[in-house]
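Structure assessment
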Amino acid sequence: MTTVFHFFFVPFSIGMGFLVAVMETIYAVKKDKVYLDMAKFWGKIFLLSFAVGIVTGIIQEFQFGMNWSEYSRFMGDVFGAPLAIEALLAFFIESVFIGIWMFTWDRFRPGVHAFMIWMTSIGTMLSAIWILAANSFMQAPTGFKINNATGRIQLTDFGAVISNPQLWRAFPHVILAAFMTAGVVITGMSAWGLLRKKKNENHFFKTSLRFGLWASLIFAILSAGAGDLQTQQIITDQPMKFAATEGVYEDTKDPAPWTVVELIDAKNHKASGQVDVPGVLSILAYHKLSGSVKGMNTINKELHAKYDKKFGKDMNYYVPPKTLFWSFRVMTGFDALIMLTSIVGLVFSRKKKDTIESHKWMLVVLGICIWVPFIANSAGWFITEFGRYPWIVYGLFTIAQAVSPTSTVASLLFSNIVYFLLFTLLGGVMVVYSRRTLHHGPYYEEADSKQNVDPFAKEAFGK
C-alpha cells in the first residue's frame, strides 16, 4: 500500500518538473508571456506533488524497518548504496535548485532561471535511476555474493548493479510514463479551466491544453515502445511473469496467439473461455511471425528443478495470474485510450478549426482522464512487484523470509490502518490544493499582489 501510494506522486512530480522546464525554456526562447504564465502556474502543481511525494517516501522507509526488517538485513549492503547516492546526490540537486527556482523569478534572466528548473528535473530523474537500480537488483540480482557466515548479500561489483539490463529497460518506461502522466493532468485541468469560461484565462488554458495533448500523445507512444523493450528483458529474466501477463498456463502453439480475455482458474492452474487473436503473441514476444511461449505450468516445473534443493519441494512459484493478466490489459488499454483522446483533442483544438470549446463532452472526457495515468501506472507497478512472487529478491530471498520476526497480525493491521488514514489525508490535501489552484486561475497571485504589500515594508506603516 505504501509503495503504490508513493508511486502515485513519483511519476507525476518527475513528469511535471520536466514539462514545466520545457514551458519555461519555450518562454526563454520565444519570449511569449503565456509560457511564462504556464511555467508559474503548473509549477505550483509540481511543487505540491513534490512535497507530498517526499512525505510518502519517508513513510515508506519507516515501513522497511517496521515490517520488513529481515529484508533490510539481507539486502542492506546492496540496497543501501544506491539509496545513499540518491539521497546525497540526486535529492541534494533537487532540493537546492528547486529552492532557487521558487524564489528567484525576478532575479535571473529567463534562460538562467530555466536552468534552475532543468537541474531540478534532472535531479528527479537521477533519483529515479538510483531507486530503480535497487529495484532492478531485486528483479535480477547482479554484482554480489552471499556471505556464508552471515547469510547476507555482499556487494562485489557496483558497476554490475548500475549496468543491470533490467534497470536500463525499466528506466525509460517509467520516465516516459511520468512525462505522459504530467501531460494528461495538464490537459485535464486545462479542460476544466476552459469549462469555467473566464475570458482572461481562455488563451492560457487553450495553450496549456494543446501543450498537454501533444505531451500526452508523444509520450504515450514512446512509453508503449519502451514497455515493449522492457518486456523483452522480462521474457529472459522472469518468464513466469511474462506468461502470467498473457494468461498462458500451457505451452502455446507456434505461432502463439494473443489472448484478449479469458477466465482464469488460479487454484487448478487452468484457463478457459479464451478470445484469441492468432499469431499476435509471437509478434509481441519475439517481434517475428513465429515462436511459441512457455506456459506457467512448464516454468513452474523448471523452477522446482532449479530451486527445490534450496527452498524445498512445497514452494509455490506461480505468481498471481489474475492480477498480472488484468493489470497488463488495464495498463496497455489506458495507454491506448490516452493516445486516442489526445488525437481527438488535437483535432478539435487545431488552429484552423478550433471547436474544442463547443464540444463540452470532449472537455469533460479530458477532465475525467486526469485519473487514467495514475491507474495505469499502478497497474504497471503491480506487474513489476507481484510478478516477482514468491521472491522479494529473485531466486535468493522469499517474501516469507523478509518479514520482520516481531510482526504480528495485530501490528500489521494497526500500522496499515494508520498508514491508510495518513495517506488519505495527504492525498486529500493534494487534491484540495490542486483544485483550489485551478479555481484561483493563473492570474490570481498577480491580481492579489497589487492589493497587498510586504508587511515589513515602509508602506505598511503609513507615511
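Quick caveat: nothing in here was measured; it's all calculated off a predicted structure. (Residues numbered from 1 in each chain as written. Predicted model: local features only at pLDDT ≥ 70, side-chain atom pairs only at ≥ 80, totals over all residues. Heavy atoms only, no water.)

What follows is about the overall build of the protein. Along the protein, the regular secondary structure elements total 16 helices and 6 strands. The C-alpha atoms of the protein give 24 Å as radius of gyration, which agrees with the globular expectation for 463 residues (23 Å, within 12%). The principal-axis extent of the C-alpha atoms belonging to the protein is close to 85 × 55 × 40 Å. Buried residues in the protein amount to 49% of all 463 residues. Across the protein, contacts joining residues at least 24 apart in sequence account for 78% of those joining residues at least 6 apart. Carbon and sulfur atoms make up 66% of the accessible area of the protein, which amounts to about 22,400 Å² in all. For the protein, the distance from the average position of its 41 positive side-chain charges to the average position of its 32 negative side-chain charges is 6 Å. (Helix = DSSP H or I, 4+ residues; strand = E, 2+ residues; numbered from the N terminus. Rg over C-alpha atoms; globule rule 2.2 N^0.38 Å. Buried < 20%, exposed > 50% of the residue type's maximum accessible area, 1.4 Å probe, protein only. Contact = heavy atoms within 4.5 Å. Areas by Shrake-Rupley, 256 points an atom, 1.4 Å probe, with all protein chains shown as cover. Lys, Arg positive; Asp, Glu negative; His and termini not counted. Charge placed at Lys NZ, Arg CZ, Asp CG, Glu CD.)

With that settled, consider the pairing of strand 1 (residues 144–147). Note: strand 1 against strand 2 (residues 152–155), 4 bridges, orientation antiparallel. Considered in strand 2, the bridge of I146 is made with I153. If you look at the hairpin formed by strand 1 and strand 2, you'll find 4 residues sitting between the two strands, and G151 has a positive phi there, around 75 degrees. (Pairing = 2+ DSSP bridges.)

This structure, assessed with the given rule, holds 8 salt bridges. The salt bridge involving R73 is made with E70; its shortest N-O contact spans 2.7 Å. In this pair, R73 and E70 are both assigned in helix 3 (residues 69–103), 3 residues apart and thus about one turn of the helix distant. The class of R73 is partly exposed, set by a relative accessible area of 45%. For E70, a relative accessible area of 24% translates into the label partly exposed. The partner of K206 in a salt bridge is E357, and the shortest N-O contact between them spans 3.1 Å. One end of the pair, K206, is in helix 7 (residues 199–237); the other, E357, is in the loop between helix 11 (321–348) and helix 12 (360–368), and 151 residues separate them in sequence. (Salt bridge = Lys/Arg side-chain N within 4 Å of Asp/Glu carboxyl O.)

Below, the discussion takes up helix 15 (residues 409–440). An ideal rise of 1.5 Å per residue puts 46 Å on 32 residues; helix 15 measures up with 46 Å between its terminal C-alpha atoms. Turning to helix 15, its buried residues number three or more, namely S415, Y419, F423, L426, G427, M430, S434, T437 and L438. On its buried face, helix 15 sits against helix 1 (2–30), helix 2 (33–67), helix 6 (165–195) and helix 7. Just downstream of helix 15 lies G441, where phi reads positive at about 85 degrees. (Expected span 1.5 Å × (residues − 1).)

Below, the discussion takes up the packing of helix 1 against helix 6. Running from N to C, helix 1 and helix 6 cross one another at 70 degrees; their axes reach a closest spacing of 7 Å. Viewed along their axes, helix 1 and helix 6 adopt a mutual orientation that is roughly perpendicular. Residues P11, F12, I14, G15, M16, F18, L19 and M23 of helix 1 pack against I175, A178, F179, T181, A182, G183, V185 and I186 of helix 6. Grouping the constituent residues of the contact of helix 1 with helix 6 by class yields 13 nonpolar, 3 polar and no charged. (Axes fitted to C-alpha atoms, helices over the stretch in contact; angles between N-to-C directions. Parallel < 35°, antiparallel > 145°, perpendicular 65-115°, else oblique. Nonpolar A, V, L, I, M, F, W, Y, C, P; charged D, E, K, R; others polar.)

Within this structure, the stated rule accounts for 34 aromatic pairs. The interplanar angle of 85 degrees and the centroid separation of 6.0 Å between the aromatic rings of F348 and W361 together place this pair among those described as edge-to-face. Of the two residues, F348 is situated in helix 11 and W361 in helix 12; the sequence distance between them amounts to 13 residues. Among the residues examined, F348 registers a relative accessible area of 18% and is labelled buried. (Phe/Tyr/Trp six-rings, centres within 6.5 Å; stacked < 30°, edge-to-face > 60°.)

Considered domain by domain, the protein is made up of domain 1 (1–251 + 294–440) and domain 2 (254–287). Contact residues are listed per partner, giving 15 residues for domain 1 and 16 residues for domain 2. Contact between domain 1 and domain 2 buries roughly 1,300 Å² in total, counting both sides, with carbon and sulfur atoms accounting for 62%. At the junction of domain 1 with domain 2, the criterion picks out 0 salt bridges. Linking domain 1 with domain 2 are 6 residue pairs in polar contact (both at pLDDT 80 or more). When residues of the side of domain 1 that touches domain 2 are traced back to their parent elements, those giving at least two are helix 7 and helix 11. Examining the composition of the side of domain 1 that touches domain 2, we find that 5 residues originate from one element, helix 11, more than from any other. (Domains from an automatic or database assignment. Buried area = accessible area lost by both parts, 1.4 Å probe. Polar contact = N/O pair within 3.5 Å; in protein donor to acceptor, adjacent residues only side chain to side chain.)

Bringing the nonpolar core into the picture now. Among the nonpolar cores identified, the biggest contains 76 residues, and M16, L19, M38, W42, F179 and F219 are the most heavily contacted of them. Here this core takes 15 residues from helix 6, the largest share from any one element. (Core = buried A, V, L, I, M, F, W, Y, C linked by side-chain atoms within 4.5 Å.)

Taken together, the buried positions of helix 12 are occupied by M362, L363, L366 and G367. Each buried residue of helix 12 lies within a common arc of 140 degrees when the element is viewed along its axis, so the set occupies one face. The inward-facing, buried residues of helix 12 abut helix 6, helix 7 and helix 11. (Arc of directions from axis to C-beta.)

Cis geometry is found at the peptide bond from D254 to P255, where omega equals 0 degrees. Positionally, P255 belongs in the loop between helix 8 (239–245) and strand 3 (258–265). The linkage connecting Y389 with the following residue, P390, adopts the cis geometry, with an omega of 5 degrees. Along the polypeptide, P390 turns up in the loop between helix 13 (372–386) and strand 5 (391–393). Although it is not a glycine, K31 sits at a positive phi angle of roughly 60 degrees. Here K31 lies in the loop between helix 1 and helix 2. In this structure, H269 is a non-glycine residue whose phi angle is positive, near 55 degrees. Positionally, H269 belongs in the loop between strand 3 and strand 4 (270–277). Accessibility expressed as a relative area gives 24% for H269, which makes it partly exposed.

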